[in-house]
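Reading the structure
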Amino acid sequence: NRLEEEGFRPCIQRVDLAVLVDTCLETLVTIAETKGLTLAVAGLDTVPAIGADAPLLRRVIENLISNAVKFTESGRVRLSAEAEGDQVRVIVSDTGPGIPAGDLDRIFDRYYQIGRRRRTRHGGFGLGLAFCRQAVTAMGGRIGVASQEGHGSQFWFTVPVSGELPAT
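Residues numbered from 1 in each chain as written. Predicted model: local features only at pLDDT ≥ 70, side-chain atom pairs only at ≥ 80, totals over all residues. Heavy atoms only, no water.

1. Re the overall build of the protein chain
Scanning the protein chain for helices and strands turns up four helices and seven strands. A total of 168 residues make up the protein chain; the buried ones form 44% of that total. Residue pairs at least 24 apart in sequence account for 70% of intrachain contacts in the protein chain once pairs closer than 6 positions are excluded. (Helix = DSSP H or I, 4+ residues; strand = E, 2+ residues; numbered from the N terminus. Buried < 20%, exposed > 50% of the residue type's maximum accessible area, 1.4 Å probe, protein only. Contact = heavy atoms within 4.5 Å.)

This is the structure in structure tokens:
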């Protein structure tokens, strides 16, 4: 609701992505290990600090990793990051079932869920990815997905590299 309020502005500050991801993984590693999944991280030590609202960004990362763990039955979930000019791209990839091509255009819509079988089995309201899109956009980034049914998914988002941050 806060994101949708007129005049909402995220509290942008310098964020060390590696430190933020470490805090996100504290509980998610246990969940992944319980399912027999490998949860890997790569590239965080090679990217510069970013300009982001740390609590919002943490929820985005936790949501993307949590979804990947929830829908992946075997294999791995991997978070990686890479610098792209004045942006940092964060990618959460998995070896899950993938997303049907017909669902890709609507995956970030509020209340949208893929297939009745998945809704029943995994629960949820279809708000997590809509939140991610709103949060990333509010911080000046973009979000997207690449997926092929039967071959896993890659959710990605960009956030600006921190430069001159506004005085607080």
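2. A look at the packing of aromatic side chains
Counted by the stated rule, this structure contains one aromatic pair. Centroid distance F108 to F155: 6.1 Å. Interplanar angle 80°. Geometry classified as edge-to-face. Note that F108 is positioned in the loop between β5 (87-94) and α3 (116-122) and F155 in strand β7 (residues 153-160), a separation of 47 residues in sequence. Of the two residues, F108 and F155, neither departs from the other in class, the shared state being buried. The side chain of R59 reaches across the aromatic face of F131, ending 4.1 Å from its centre. Over the face of the ring belonging to W156 we find R89, whose NZ or CZ atom lies 4.2 Å from the ring centre. (Phe/Tyr/Trp six-rings, centres within 6.5 Å; stacked < 30°, edge-to-face > 60°. Lys NZ or Arg CZ within 6 Å of the ring centre and 35° of its normal.)

3. Let's talk about the environment of I65
The topology assignment puts I65 in helix α2 (residues 54-71). Distance in space between the C-alpha atoms of I65 and L39 is 9.0 Å, their sequence separation being 26 residues. Leave out the neighbours within four places in its chain, and I65 touches L25, L28, L39, V77, L79 and V92.

4. Regarding the sheet that holds β5
With mixed pairing, the five strands of this open sheet are ordered in space as β2-β4-β5-β7-β6. Each edge of the open sheet is held by one strand with a lone partner, namely β2 (38-42) and β6 (143-147). If you compare each strand with its neighbour and ignore which way they point, the axes differ by 15° on average. As judged from the seven bridges shared by β5 and β7, these two strands associate in the antiparallel manner. The partner of S93 across the bridge, within β7, is Q154. Against the sheet, helix α1 (residues 17-34) touches β2, β4 (76-84) and β5, its axis set at about 170° to β2. (Pairing = 2+ DSSP bridges. Axes fitted to C-alpha atoms, helices over the stretch in contact; angles between N-to-C directions.)

5. Things to note about α1
Counted at 1.5 Å a residue, the expected span for α1 with its 18 residues is 26 Å, and the 26 Å between its end C-alpha atoms agrees. L17, L20, V21, C24, L25, L28 and A32 are the residues of α1 that are buried. For α1, the elements touching its buried residues are β1 (13-15), β2, β3 (50-52), α2, β4 and β5. (Expected span 1.5 Å × (residues − 1).)

6. Quick word on the pairing of β7
Successive side chains on a regular strand alternate, one facing one side of the sheet and the next facing the other. Most of β7 is tucked away, with six of its eight residues classed as buried. Examined bridge by bridge, β6 and β7 share five bridges and lie antiparallel to one another. Paired with S147 across the strands is S153, a residue of β7. Taking the residues that link successive antiparallel strands as the turn, the β6-β7 hairpin has five residues, and the phi of G150 there is positive, at about 90°.

7. Quick notes on the side chain of S80
Relative to the helices and strands, S80 resides in strand β4. A residue is classified by how much of its surface remains accessible, and S80, at 12% relative accessible area, is buried. Excluding anything up to four places from it in sequence, S80 contacts A42, R89, V90 and I91.

8. A word on the environment of G51
Relative to the helices and strands, G51 resides in strand β3. Its relative accessible area of 6% is what places G51 among the buried residues. Along the backbone, G51 and R14 are 37 residues apart, and their C-alpha atoms lie at a distance of 4.8 Å.

These results come straight from atomic positions and should not be treated as a statement about function.
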